[in-house]
Amino acid sequence: MTDTTGLGPEDGKLITLARASRARNAAAEGAAVRDETGRTYVATTVSLPSLKLTALQAAVAAAASSEASALEAAVVVTEAKELTEADRAVADDLKTQVVVIAAPDGVPASITRR
C-alpha cells in the first residue's frame, strides 16, 4: 500500500495515477498534476526522435493546453531522488503549491510545499 503520510487523499490519488501510468507504459517516469479547478492530468516520459519530455513536462503541457493557470499539486514517480532543473522550472511556471517525488513503490521520497 502507498504510504502518503503528510499528504491529503487527493494527493495520494495523484501518486496512484502516476504509478499506474508509469507501469502501463513501462516508462522511466510517471507524473500526475492537479490544476486550480481540480482537473487532473497524467503523463509519462516522452522519448521520440524529435521530442523529449520528462513526465512532469508532459503533464504540465497537457494542463497548460487545457488553460490551467496554476497547479495545486504535482507528483513525479521516478527512481531519481530530486527533480531536474527543467522540472523545477516547469513546476514554478504554473505556481505549483505541492510537489511530491515518489519512489516506484509509491512511497514519497520528498514533499515540497511552496
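Throughout this document, residue positions are counted from 1 along each chain, in the order its sequence is written. Totals for whole chains, interfaces and linings use all residues, but because this is a predicted model, local features are given only for residues with pLDDT of at least 70 and pairs of side-chain atoms are given and counted only at 80 or more. Side-chain figures throughout are based on the complete set of non-hydrogen atoms in the structure, without hydrogens or water.

A. Up close: unusual backbone geometry. The backbone phi angle of Ala26 is positive, close to 50 degrees, even though this residue is not glycine. Along the polypeptide, Ala26 turns up in the loop between helix 1 (9-25) and strand 1 (30-35). Using a 1.4 Å probe on the protein chains alone, a residue whose accessible area is under 20% of its type maximum counts as buried, one over 50% counts as exposed, and one in between counts as partly exposed. You can call Ala26 exposed: its relative accessible area is 72%. Backbone geometry at Glu67 places phi at a positive 75 degrees, although glycine is not the residue there. You can see Glu67 is positioned in the loop between helix 2 (55-65) and strand 5 (71-77). What makes Glu67 exposed here is its relative accessible area of 70%. The secondary structure listing takes helices from DSSP runs of H or I that are at least 4 residues long and strands from runs of E that are at least 2 residues long, numbered from the N terminus.

B. Local environment of the pattern of salt bridges. Each reported salt bridge corresponds to a side-chain nitrogen of Lys or Arg within 4 Å of a carboxyl oxygen of Asp or Glu. Taken as a whole, this structure holds 7 salt bridges when the rule is applied. Residue Lys13 pairs with Glu10 through a salt bridge whose shortest N-O separation is 3.1 Å. Placement of the pair is Lys13 and Glu10 together in helix 1, with a separation of 3 residues, close to one helical turn. Here Lys13 falls in the partly exposed class, since its relative accessible area comes to 46%. A relative accessible area of 41% means that Glu10 is categorised as partly exposed. Residue Asp92 is joined to Arg114 by a salt bridge in which the shortest nitrogen-to-oxygen separation is 2.0 Å. Placement of Asp92 in helix 3 (residues 85-93) and of Arg114 in the segment after strand 7 (108-113) is noted, with a sequence separation of 22 residues between them. Relative accessible area serves as the criterion here: at 47%, Arg114 is assigned to the partly exposed category.

C. Focus on the sheet that holds strand 6 (residues 98-102). A pair of strands is treated as paired once DSSP finds two or more bridges between them. Pairing is mixed across the open sheet formed by 5 strands, whose spatial order is 2-1-5-6-7. Unpaired on one side and paired on the other, strand 2 (40-44) and strand 7 mark the two borders of the sheet. In this sheet, adjacent strand axes meet at a mean angle of 10 degrees when their direction is disregarded. Bridge count for strand 1 against strand 2 is 5 bridges, and the pairing is antiparallel. Paired with Ala31 across the two strands is Ala43, which belongs to strand 2. To get an axis, fit a line to the C-alpha atoms, keeping to the stretch in contact for a helix; angles then go from 0 to 180 degrees between the N-to-C directions.

D. How the structure looks around the pairing of strand 5. When you tally the buried positions in strand 5, you get 6 out of 7 residues, the bulk of the element. Sheet analysis places strand 1 next to strand 5, joined by 6 bridges and oriented antiparallel. Paired with Asp35 across the two strands is Leu71, which belongs to strand 5. Taken together, the 5 bridges between strand 5 and strand 6 define a ladder with parallel strand orientation. Residue pairing across strands places Val77 opposite Ala102, the latter belonging to strand 6. Taken together, strand 5, helix 3 and strand 6 constitute a β-α-β crossover, and its handedness is right-handed. Place the viewer so that the strands point away; then a crossover is right-handed whenever the path from the first strand over the helix to the second strand goes clockwise.

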